[in-house]
Amino acid sequence: MRAFLLYFIAFLILYTYNARICPYVSLLPAWQSGFIAFVPIAFAYLLRTLLYAPLVLKQTLDVQARVIGWVDFSLFVVAGAAMVAFNRIVFDFPWIESGLKVFVGTFTIGFFVAIDLALEHNRKVMQVARSMKWTYSLPQVYYPITTKFFFFGTITIFLFAFLVFAVITRDLYILSSLAGKIRDVDIALTRKSIMIDIVFILIMMLGFTINLLYSYSLNLRMLFQSQTGILERVSRGDMDEFVPVMTSDEFGVIAGHTNTMISGLRDRIRMMEGLKVAGEMQQALFPKTHATFEGLDIAATSIFSDETGGDFFDFLEELGEGKDELIIILGDVTGHGIGAALLMASTRAYLRMQAEYQHSPALLLTNTNKLLVHDCYGSGRFVTLFCLQISGDKRYLKWASAGHDPAIVFDAGTSEFRELKARGLPLGVMPDSDYEEICCDALKPGDVLLIGTDGIWEATDREDNMFGKDRIREVMRENHYKPAAEILHAVAHAVKDFRGGKPQLDDVTIVVIKAES
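Conventions adopted
Residues numbered from 1 in each chain as written. Predicted model: local features only at pLDDT ≥ 70, side-chain atom pairs only at ≥ 80, totals over all residues. Heavy atoms only, no water. Helix = DSSP H or I, 4+ residues; strand = E, 2+ residues; numbered from the N terminus. Buried < 20%, exposed > 50% of the residue type's maximum accessible area, 1.4 Å probe, protein only. Contact = heavy atoms within 4.5 Å. Areas by Shrake-Rupley, 256 points an atom, 1.4 Å probe, with all protein chains shown as cover. Lys, Arg positive; Asp, Glu negative; His and termini not counted. Charge placed at Lys NZ, Arg CZ, Asp CG, Glu CD. Salt bridge = Lys/Arg side-chain N within 4 Å of Asp/Glu carboxyl O. Phe/Tyr/Trp six-rings, centres within 6.5 Å; stacked < 30°, edge-to-face > 60°. Pairing = 2+ DSSP bridges. Axes fitted to C-alpha atoms, helices over the stretch in contact; angles between N-to-C directions.

A. Spatial organisation of the overall build of the protein chain. Helices and strands together make up the secondary structure of the protein chain, namely twelve helices and ten strands. Counting only C-alpha atoms, the protein chain reaches 135 × 45 × 35 Å along its principal axes. Looking at the 517 residues of the protein chain, the share that counts as buried comes to 48%. A sequence separation of at least 24 residues applies to 74% of the contacts in the protein chain between residues at least 6 apart. By element, 63% of the accessible surface of the protein chain is carried by carbon and sulfur atoms, the whole surface being about 26,000 Å². Side chains of the protein chain carry 47 positive and 57 negative charges; the gap between the two charge centres is 14 Å.

B. Broad picture of the pattern of salt bridges. Under the criterion given, the structure shown has 20 salt bridges. The residue arginine 233 makes a salt bridge to glutamate 241 at a minimum N-O spacing of 2.8 Å. The class of glutamate 241 is partly exposed, set by a relative accessible area of 29%. A salt bridge links aspartate 447 to lysine 444; its shortest N-O distance comes to 3.6 Å. Exposure remark for aspartate 447: the relative accessible area of 0% places this residue in the buried category. Given a relative accessible area of 39%, lysine 444 falls into the partly exposed group.

C. Structural context of the packing of aromatic side chains. Summed over all chains, the structure comprises 21 aromatic pairs. Ring geometry for phenylalanine 111 and phenylalanine 152: centres 5.9 Å apart, planes at 20 degrees, overall stacked. Residue phenylalanine 111 is located in helix α4 (residues 95–128), and its partner phenylalanine 152 is located in helix α5 (residues 145–177); the two are separated by 41 residues in the primary sequence. By relative accessible area, which is 11% here, phenylalanine 111 ends up buried. Using a relative accessible area of 15% as the deciding quantity, one classes phenylalanine 152 as buried. Plain terms: the ring middles of phenylalanine 112 and phenylalanine 152 are 6.0 Å apart, the flat faces sit at 90 degrees to each other, and that makes the pair edge-to-face. Remark: phenylalanine 152 occurs in helix α5 and phenylalanine 112 occurs in helix α4; sequence separation between them is 40 residues.

D. Looking closely at unusual backbone geometry. Notably, aspartate 92 is not glycine yet its phi reads approximately 60 degrees, a positive angle. Note on placement: aspartate 92 falls in the loop between α3 (61–91) and α4. Notably, aspartate 464 is not glycine yet its phi reads approximately 65 degrees, a positive angle. On the secondary structure map, aspartate 464 appears in the loop between α10 (454–457) and α11 (468–479).

E. Just the sheet that holds strand β10 (residues 508–515), in detail. Spatially, five strands are ordered β1-β10-β9-β6-β7 in an open sheet, and the strand pairing comes out antiparallel. One side of each edge strand has no neighbouring strand; the edge strands of this open sheet are β1 (296–303) and β7 (416–420). Between one strand axis and the next, the sheet turns by 15 degrees as a mean value, whatever way the strands run. With three bridges joining them, strand β6 (residues 407–411) and strand β9 (residues 448–452) adopt antiparallel strand pairing. The partner of phenylalanine 410 across the bridge, within β9, is valine 448. On the sheet, α11 packs against β6, β7 and β9 and is oriented at approximately 40 degrees with respect to β6.

Interpretation note: all reported values are geometric properties and have no functional meaning in isolation.
Below you can see the structure in the form of structure tokens.
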């Protein structure tokens, strides 16, 4: 319907234009002038109707508007050429003085009609774009909106200038035909005719331009609503839809990048969900309850810096012939995240497997290292680990270390500290590593033993000062009379307060053992 209306308006304007601007066509009777404009425009509309399905509808949605614009413009160019040829053949009108003016007039009207119909078809396509197969990637060719307006404005100005020039030359032609008998009344009529023609051209150009600007604003509003609608859904967590990329300008680029963002968010959410599941599975590997050993109060925790971590602790209870041995393991895998979590799970499994028949801390580390080295040898990853064995009612201590920091013991009787040191390379570094086993120490009533990972003493504040082990000892000294769980929380809170809101950069794992009276 819009195409028919525009083609009919084009006929009326072209009829008026030919009769006013072309000095030769203006001499013809009104019916002949109307016939010259009507037949080519009517034939062009009929041809458009026939070509619409095979030339436009068979194209992909993203190029249909462009194709229909070129089809309409080409039909008007052919119609203008047909008018010029008809006037030349039938009436012997000159090519330049008559033909060029008729052709440019038809060219101008076709230029505006083609753009308007292309914009109108683009609006139709945008209404169904979400429910149809569409492209969501960045446009392959980029045409900025500023460039489009520049070319549109430039062409419009040149066409307007040419039409005004045609008006002036037409009236000059009429005046020249009256050479030798020009009267004042002729000059007045010519002046009035020029003003009327210029006003007619101005109204025509302004009408078409305002109509196109309004039509284009409707398209921009639909593009904006499409973009903001998807973004509002994304802000609510709904990322089931993408933004159709319907233009090759800034809106198309924004839509393409929005779709890239949505894809990235989808992947991020899937990764976060996977990490959440991995974190839940990893937490399930930790002991469900604290170890129980007569005369000892034991508490432990592990605080990850990511969803998953590389720190771990484990309790191997009721070992030995008398079921009176307890092995406490605390380890730290290099790095953190999913890779460290996988290596942590493997290390834990190897340790538990070895503990079924081997209770010596040194041999436990040696055999575990031989298995683990196949998983991480040459990868740059390794595991530091402290293995502590407590046995008998005397709470004798035996320990081995795989490159881990020594455990710290607070002697309640002397208020002094000592460290449980042992030599040994981290697990997974060398296949034939041997580990030193130290024996024997014991915990006296009131003593507090702490094993931790470097996420404690290497925690930094906003000035990049490290927490350090001296602060750990001070917290242990101030809280040594409390239960193990409270001592553990005191250390954890001290580290958190020290960071002063700075993000936790490494996993923190703490095991606290207090010898009871």
